[in-house]
Amino acid sequence: MTDVQTLPAGASGAWAAGLRRGLRRGAQRLHLSLAAGVEAASPVPIALAATLLLSAYFVLLPGVDLAVSALVYDPVAGFAAASDPALKALRKSSSWVMGLTLLALIVIAIRGWWTGWREARRALFLICGLALASGVVVNGLFKSLWGRARPVQIETFGGEAQFTGAWTVTDQCLSNCSFVSGEASSAAWLAAVAVVMTPQTWRATVIPIAFAYAAALSLNRLLFGGHFLSDIVLSWAITALVLCLLHRLMLHCPVAARRSRRLRRLNRRPSPVAAAI
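Residues numbered from 1 in each chain as written. Predicted model: local features only at pLDDT ≥ 70, side-chain atom pairs only at ≥ 80, totals over all residues. Heavy atoms only, no water.

**Q** Please set out the overall build of the protein residue by residue, giving values where relevant.
**A** Helix and strand content of the protein: 9 helices and 0 strands. Ordered by position from the N terminus, the helices and strands of the protein form the series α-α-α-α-α-α-α-α-α. Expressed as a percentage of its 277 residues, the buried residues of the protein come to 36%. (Helix = DSSP H or I, 4+ residues; strand = E, 2+ residues; numbered from the N terminus. Buried < 20%, exposed > 50% of the residue type's maximum accessible area, 1.4 Å probe, protein only.)

**Q** Go over the state of the cysteines with me, naming the residues and quoting the values.
**A** By definition, a disulfide links the sulfur atoms of two cysteines through a covalent bond. If you walk through the whole model with that rule in mind, you get 1 disulfide. Between the sulfur of Cys173 and that of Cys177 lies a disulfide, 2.2 Å long from S to S. As the torsion about the S-S bond is roughly -95°, the Cys173-Cys177 disulfide counts as left-handed. We note that Cys173, like Cys177, is buried. (Disulfide = S-S within 2.5 Å.)

**Q** Can you explain helix H6 (residues 182–197)? Please cite residues and give values.
**A** Its 16 residues give H6 an end-to-end C-alpha distance of 22 Å, which sits within 8% of 22 Å, the value for a rise of 1.5 Å per residue. The buried fraction of H6 is high, at 14 of 16 residues. The residue sitting at the N-terminus of H6 and contributing the capping side-chain oxygen is Ser181; that oxygen lies 3.0 Å from the backbone nitrogen of Ala184. (Expected span 1.5 Å × (residues − 1). Polar contact = N/O pair within 3.5 Å; in protein donor to acceptor, adjacent residues only side chain to side chain.)

**Q** Outline the packing of helix H5 (residues 117–145) against H6, listing residues and values.
**A** Packing of H5 against H6 brings their axes to within 10 Å, and their N-to-C directions diverge by 165°. Regarding the angle of H5 to H6, the classification is roughly antiparallel. The two elements H5 and H6 meet at a crossing, and its hand is right-handed. Contacts between H5 and H6 involve Glu119, Arg122, Ala123, Phe125, Leu126, Gly129, Leu130, Ala133, Ser134, Val138, Asn139 and Lys143 from the first element and Gly182, Ser185, Ser186, Trp189, Ala192, Val193, Val196 and Met197 from the second. (Axes fitted to C-alpha atoms, helices over the stretch in contact; angles between N-to-C directions. Parallel < 35°, antiparallel > 145°, perpendicular 65-115°, else oblique. Left-handed = near helix turned anticlockwise from the far one by under 90°. Contact = heavy atoms within 4.5 Å.)

**Q** Give a description of the side chain of Asp231 that names residues and reports values.
**A** Position of Asp231 among the secondary structure elements: in helix H8 (residues 229–268). Residue Asp231 is classed as buried on the basis of its relative accessible area, which comes to 0%. For Asp231, the side chain forms a polar contact with the main-chain nitrogen of Phe228, separated by 2.9 Å. If sequence neighbours within four positions are ignored, Asp231 has contacts with Arg148, Ser178, Phe179, Val180 and Ser181.

**Q** Run through the layout of surface pockets, naming residues and quoting values.
**A** Approximately 560 Å³ is the volume attributed to the largest pocket. Contributions of two or more residues to the lining of the largest pocket are made by H5, H6 and H8. Counting residues per element, the lining of the largest pocket draws most heavily on H8, at 10 residues. The residue makeup of the lining of the largest pocket, split by class, is 14 nonpolar, 3 polar and 4 charged. (1 Å grid on protein atoms, 1.4 Å probe; cavity = no way out; pocket = protein on both sides within 12 Å on 5 of 7 lines; lining within 4 Å. Points joined across faces, edges and corners; volume = space filled by probe spheres on them. Nonpolar A, V, L, I, M, F, W, Y, C, P; charged D, E, K, R; others polar.)

**Q** Please give an account of the packing of aromatic side chains that cites residues and values.
**A** Scanning all chains against the criterion turns up 12 aromatic pairs. The interplanar angle of 75° and the centroid separation of 6.0 Å between the aromatic rings of Trp146 and Trp167 together place this pair among those described as edge-to-face. Note that Trp146 is positioned in the loop between H5 and H6 and Trp167 in the loop between H5 and H6, a separation of 21 residues in sequence. The exposure class assigned to Trp146 is buried, which follows from its relative accessible area of 16%. The partly exposed category is assigned to Trp167, whose relative accessible area is 29%. (Phe/Tyr/Trp six-rings, centres within 6.5 Å; stacked < 30°, edge-to-face > 60°.)

Listed below in structure tokens is the structure:
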């Protein structure tokens, strides 16, 4: 006869109660996110509007991509910058910077259990942001499904594939395609790390340097013929939009929820005058 192991009644009840609390917190965060997302000054609608406007620009003017790539293309040498040692070193440096940055965030997240949970939440937000924005949305969704050929692959620049505009789903590329840029998304994430984690006293110095480095990494892909301008710009916009949404759910909404709970508790307390009577 097979023994069937079951959780004690107390343990199963505690697990169910914890699950219900987690679901209530998640629902409250979603409610607060939806309520705050309609504010015009919120980062979410700003990022969404930027993504839509940039998308409309490149869809209506697809020739911009060809014109910009043509500026860095030589009919004889091709995309000559791809063999430049300094630019190759710049691209290689991103792996080290990304790795060290991610390692530092993991350390901060783990240390947050014993020290400041506020910094740990920020680190966890950025780790999740990299996985969701660059990993799932950009590389997992767009680069896998849109099928846009890279500049070096199209006929205009010595390849065999046909040029297609931004947001056009096609079959000119089978894997690791051009729309949108994964490295530009990672670069945008690095800039977000600087914005979120840099202390106030260092922000004026660190943030401009981080954005300059991220922009250089992104434009490097244009010089190499690896991506069109729209791939890079829209990758930044999409990454920013995903990060803004995640920030609202993971950082903004919990704070709003705590404030709401404090207000409810204060409203339930009897006033000193009423208590005296």
